Amino acid sequence: SACLVGSEMCIRDRWWSRVVEHVAHAVRAYWLIALLWIRAAMAYPLSFWTMTVGGILITFLDFVAIWLMFSHVDTYGGFTLREIALLYGVTSIAFRIADMLVGSVEKIGQKVRSGDLDAMMTKPVPVLVQLCADRFELRRLGQIAQGIAVFAWAAPIVDWNPQRLLVLVVALVSGVVIYFCVFVIFSTIQFWTTDASEFANAFTYGGNTIMQYPMTIFPREVVRSLTYLLPLAFVNWYPCLFLLGRTDPYGAPDWFRFASPLAALVLVGLTALVWRQGLRRYRSTGS
């Protein structure tokens, strides 16, 4: 009996060490590929900084539209401008980080059509890692900075304490994971369609746009869809309700405000299944 328990622990330890080894290998490979593109971008510093500043200005126009709307109203969906800015800031930071880290996976359709995916599959690096790191764009830091600036402007309306700060950090990390999964899931559809990037954008960029507004302006059915089908509401809506000391107007349980990590974990499992099925479906270009 003691020998059996010992062998089970040994197998578990070996399995865990292999998982850690694979993750470390993937992270290192991602960093090396991204570093190549960073060096290429920094070879032209004027172009890099021009594109970075341009990204800040373009994304800032999104919030300017919300700001102009409040020149005619005091509240929107029961939320003030700074409260909406809080929602905007949290979802923008999470989305822009995910977009910078894995947004290139949207180009999988191009890789399939051109046959480049065949070459990726021959390399000793996970295909998903190569796709995510391909053409890494450090200039997207400007877009992240814009989201941070809006959040910083809205932050004083929150009565901060250690618990709220922890909820914010967990929500941001979970939000990045959730958006990562959304990017991968809807990009994987291109294994079957070979060209559905615009369809994927409707859920990635479109999802981020929806989450910039309070859920009170949408029908209950939309809110349920964004909670149970595509859990984007856990990126900012439920955590921000806690930060603002509000209850959910649609009557969701209070523990939903802390459930962002659970939603992210479930979505990671679903993403892994979808990705494996998509990769198995791939039959090369035949060229």
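Throughout what follows, the structure given in this document is the object of discussion. (Residues numbered from 1 in each chain as written. Predicted model: local features only at pLDDT ≥ 70, side-chain atom pairs only at ≥ 80, totals over all residues. Heavy atoms only, no water.)

## Observations regarding the overall build of the protein
So the rule is basically this: Secondary structure elements are taken from DSSP: a helix is a run of H or I of four residues or more, a strand is a run of E of two residues or more, and numbering for both begins at the N terminus. Here the globule rule is a power law, 2.2 Å times the number of residues to the power 0.38, and the radius of gyration is based on C-alpha atoms. Three exposure classes are used, based on accessible area relative to the maximum for each residue type with a 1.4 Å probe and protein chains only: buried under 20%, partly exposed in between, and exposed over 50%. Every residue pair with non-hydrogen atoms within 4.5 Å of one another is taken to be in contact. Residue-level accessible areas treat just the shown protein chains as cover; the underlying method is Shrake-Rupley with a 1.4 Å probe.
Per the secondary structure count, the protein includes 13 helices and zero strands. Against the globule reference of 19 Å for 287 residues, the protein gives a C-alpha radius of gyration of 21 Å, in line with a compact fold. Its C-alpha atoms give the protein principal-axis dimensions of roughly 60 × 60 × 35 Å. With 287 residues in all, the protein has 44% of them scored as buried. Contacts spanning at least 24 positions in sequence make up 78% of the contacts within the protein whose residues lie at least 6 apart. Surface summary for the protein: the accessible area is close to 15,200 Å², and the carbon and sulfur share equals 67%.

## Some words on the environment of Arg164
Using the following cut-off: Pairs of N or O atoms within 3.5 Å make up the polar contacts considered here, provided that, within protein, one atom can donate a hydrogen while the other can accept it, and that residues adjacent in sequence are counted only when both atoms are side-chain atoms.
Within the fold, Arg164 resides in helix 8 (residues 162–188). A relative accessible area of 16% means that Arg164 is categorised as buried. Once the C-alpha coordinates of Arg164 and Ile93 are considered, the two residues, 71 residues apart in sequence, prove to be 17 Å apart. Residues contacting Arg164, with those up to four places away along its chain left out, are Val158, Asp159, Phe242, Leu243 and Gly245. Within the local environment of Arg164, its side chain forms a polar contact with the backbone oxygen of Phe242, the two atoms lying 3.5 Å apart.

## Digging into the pattern of salt bridges
Put simply, the rule is: What counts as a salt bridge is simple: a side-chain nitrogen of Lys or Arg found within 4 Å of a carboxyl oxygen of Asp or Glu.
Using the criterion set out here, one finds six salt bridges in the structure. Of the charged contacts, one joins Arg96 and Asp99 as a salt bridge, the two residues approaching to 4.0 Å between their closest N and O atoms. Of this pair, Arg96 and Asp99 are both found in helix 3 (residues 81–102), three residues apart, which corresponds to roughly one turn of the helix. One salt bridge in this structure joins Arg140 and Glu137, with 2.8 Å as the shortest N-O distance.

## Concerning the nonpolar core
For the record, the criterion: What we call a nonpolar core is a set of buried Ala, Val, Leu, Ile, Met, Phe, Trp, Tyr and Cys residues that are connected through their side-chain atoms within 4.5 Å.
Counting 78 residues, the largest nonpolar core has Ile178, Leu232, Trp237 and Tyr238 as its most contacted members. Considering each element in turn, this core owes the most residues, 13 residues, to helix 3. Not counting chain neighbours up to four residues away, the residues in contact with Tyr238 comprise Val223, Thr227, Ala233, Asp248, Ala252, Phe256 and Arg257.

## Digging into helix 7 (residues 141–154)
The criterion, for reference: To estimate how far a helix should reach, multiply one less than its number of residues by 1.5 Å.
Helix length check: helix 7, at 14 residues, gives a terminal C-alpha distance of 20 Å against a target of 20 Å (1.5 Å per residue), a fit within 8%. Of the residues making up helix 7, those classed as buried are Gly142, Gln143, Ile144, Gln146, Gly147, Val150, Phe151 and Ala154. Looking at the buried residues of helix 7, the elements they touch are helix 2 (45–69), helix 3 and helix 8.

## Quick look at the packing of helix 3 against helix 7
Note the threshold: For helices, the fitted axis covers only the stretch in contact; all axes are lines through C-alpha atoms, and the angles between them, taken along N-to-C directions, range from 0 to 180 degrees. Angle categories: roughly parallel below 35 degrees, roughly antiparallel above 145, roughly perpendicular from 65 to 115, and oblique for all the rest. The handedness criterion is simple: a crossing whose near helix is rotated anticlockwise from the far helix by less than a right angle is left-handed, and one whose near helix is rotated clockwise is right-handed.
For the pair helix 3 and helix 7, interaxial distance at closest approach is 8 Å and the crossing angle is 155°. Taken together, the axes of helix 3 and helix 7 lie roughly antiparallel to each other. Judged by the sense of rotation from one axis to the other, the crossing of helix 3 with helix 7 is left-handed.

## Some remarks on the side chain of Ser174
With respect to the secondary-structure elements, Ser174 resides in helix 8. Note on Ser174: relative accessible area 6%, which makes it buried. Those residues within four positions of Ser174 in sequence are excluded, and the remaining contacts are Ser260, Pro261 and Ala264.

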